[in-house]
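Structure at a glance
Residues per chain are reported as follows:
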Amino acid sequence: MMLVFGKVANFDLSKGTVKSEKNCINDCYKQANCFVAYMNSNGNCLSFNYNYTKNLTVTETNRSNGLKVAFKITVNLNECPSYDQLETIVGENDESILWKRTRNGWTFKRCIDDWKVFNRSDTSAVCMRTFNLTEGVSKNESIQFCEEMGFKLTGVASVAESQWILERMNARGLQVWQGYWIDGERNTSTVFNSNDFIWADGYTTGNSALVPSNFFVSGRDHGVPENCLNVFKLDYSDTRTINDVPCGDTVKPWGAACGYPLI
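Residues numbered from 1 in each chain as written. Predicted model: local features only at pLDDT ≥ 70, side-chain atom pairs only at ≥ 80, totals over all residues. Heavy atoms only, no water.

An unreviewed UniProt entry annotates the protein chain as PAN-3 domain-containing protein of Caenorhabditis nigoni.

Encoded structure:
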């Protein structure tokens, strides 16, 4: 646990349980889903459960305020990092995300409802969810569907992201060659490059997901350009998860993957 002088914004400590500072910290440490303990010099204690907390803001204070915040953190025991280098991580394994360091504290945001978080760097993460729409849904209809909810038809920045979308499709029973629309359109203004795609969602960069082991690329189908992208099921033995398709395809797509940047 990392203990700092600070306060959790918009929470009233007077409503907390009365405990000693030691017990407030230890009780949070022992609870698997507790990730923050907040306490004052009067013995009031609040703990925060990762599963039910969507966002928190912690502001640093000084000793005279009598307010303290304890974070669960990951520390390399082979060295003693400086205060500013401590990794303040929420959750565990593939669900973990970093707090964002601010000028005078930290902020934490979690994906809404059952959306899936994907860390893309130490300072950025993306939330995604798949939606089964209707047989033959177009890309434009998928874009509109996502944007009407306040999100974007999402691009994918890693093989893990497209594999997760495919797993969600499999859970809904989609068949061979059926797929979900994702963002991305081939850059045709330059010399043809099979994986040179432009992302329009505003937060996806790079083509790490568009590698030969994960991308079934053809470029054309019976003379029709295939410049847009689906996550799809090729067959039951092929491990590739992304296919280039005509941007006007209304045969194979059944749904869409929407997303938004978390940090």
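**Some remarks on the packing of aromatic side chains**
Inclusion rule: The rule is short: rings of Phe, Tyr and Trp, with Trp giving its six-membered ring, pair when the centres are within 6.5 Å, and they are stacked under 30 degrees, edge-to-face over 60, tilted in between. Two conditions define a charge located above a ring, namely a distance within 6 Å from the ring centre to NZ of Lys or CZ of Arg, and an angle within 35 degrees of the ring normal.
Within this structure, the stated rule accounts for 13 aromatic pairs. An aromatic cluster of at least three residues, connected via ring pairs, comprises Trp 115, Phe 131, Phe 145, Phe 151 and Tyr 260. Here Arg 110 stacks its cationic end above the ring of Tyr 50, 4.4 Å away from the centre of that ring. Against the face of Phe 118 rests Lys 116, its NZ or CZ located 5.8 Å from the ring centre.

**Points about the nonpolar core**
Put simply, the rule is: To form a nonpolar core, buried Ala, Val, Leu, Ile, Met, Phe, Trp, Tyr and Cys residues must be joined to one another through side-chain atoms within 4.5 Å. Exposure classes here rest on a 1.4 Å probe applied to the protein chains alone. A residue is buried below 20% of its type maximum, exposed above 50%, and partly exposed in between. Secondary structure elements are defined from DSSP: runs of H or I of at least 4 residues count as helices, runs of E of at least 2 residues count as strands, and each element is numbered from the N terminus. Working rule for contacts: check all heavy atoms of both residues, and any pair within 4.5 Å makes them a contact.
Of all hydrophobic cores here, the largest spans 21 residues; its most connected members are Val 156, Ile 165, Leu 229 and Ile 242. Elements with a contribution of two residues or more to this core: β12 (125-132), α3 (159-171), β14 (179-186) and β19 (228-232). Element by element, the count of residues in this core is highest for α3, at four residues. In this structure Val 156 touches Arg 120, Met 128, Glu 161, Ser 162, Ile 165, Ile 182, Trp 199, Thr 204, Ala 209 and Ile 242, once residues within four positions along its chain are discounted.

**Looking at the pairing of strand β4 (residues 44-49)**
Note the threshold: At least two bridges found by DSSP between two strands are what make those strands a pair.
Pairing of strand β2 (residues 17-18) with β4, which is carried by two bridges, proceeds in the antiparallel orientation. Looking across to β4, one finds that Thr 17 is bridged to Cys 45. Relative to β4, strand β3 (residues 34-40) is paired through five bridges, and the arrangement is antiparallel. By the bridge assignment for β4, Val 36 is matched with Phe 48.

**Regarding the state of the cysteines**
Threshold: Only a pair of cysteine sulfur atoms within 2.5 Å counts as a disulfide in this structure description.
Applying the stated criterion to the full structure yields five disulfides. A disulfide bridge connects Cys 24 with Cys 45, and the sulfur atoms are separated by 2.1 Å. Here Cys 24 and Cys 45 share a disulfide; its torsion about the S-S bond, 80°, makes the bridge right-handed. Taken together, the positions of Cys 24 in helix α1 (residues 21-30) and Cys 45 in strand β4 put the pair 21 residues apart, joining distant regions of the chain. Across this residue pair, the class does not change: Cys 24 and Cys 45 are buried. Paired through a disulfide, Cys 228 and Cys 247 show a sulfur-sulfur distance of 2.0 Å. Between Cys 228 and Cys 247 the sulfur-sulfur dihedral comes to about 90°; the bridge is accordingly right-handed.

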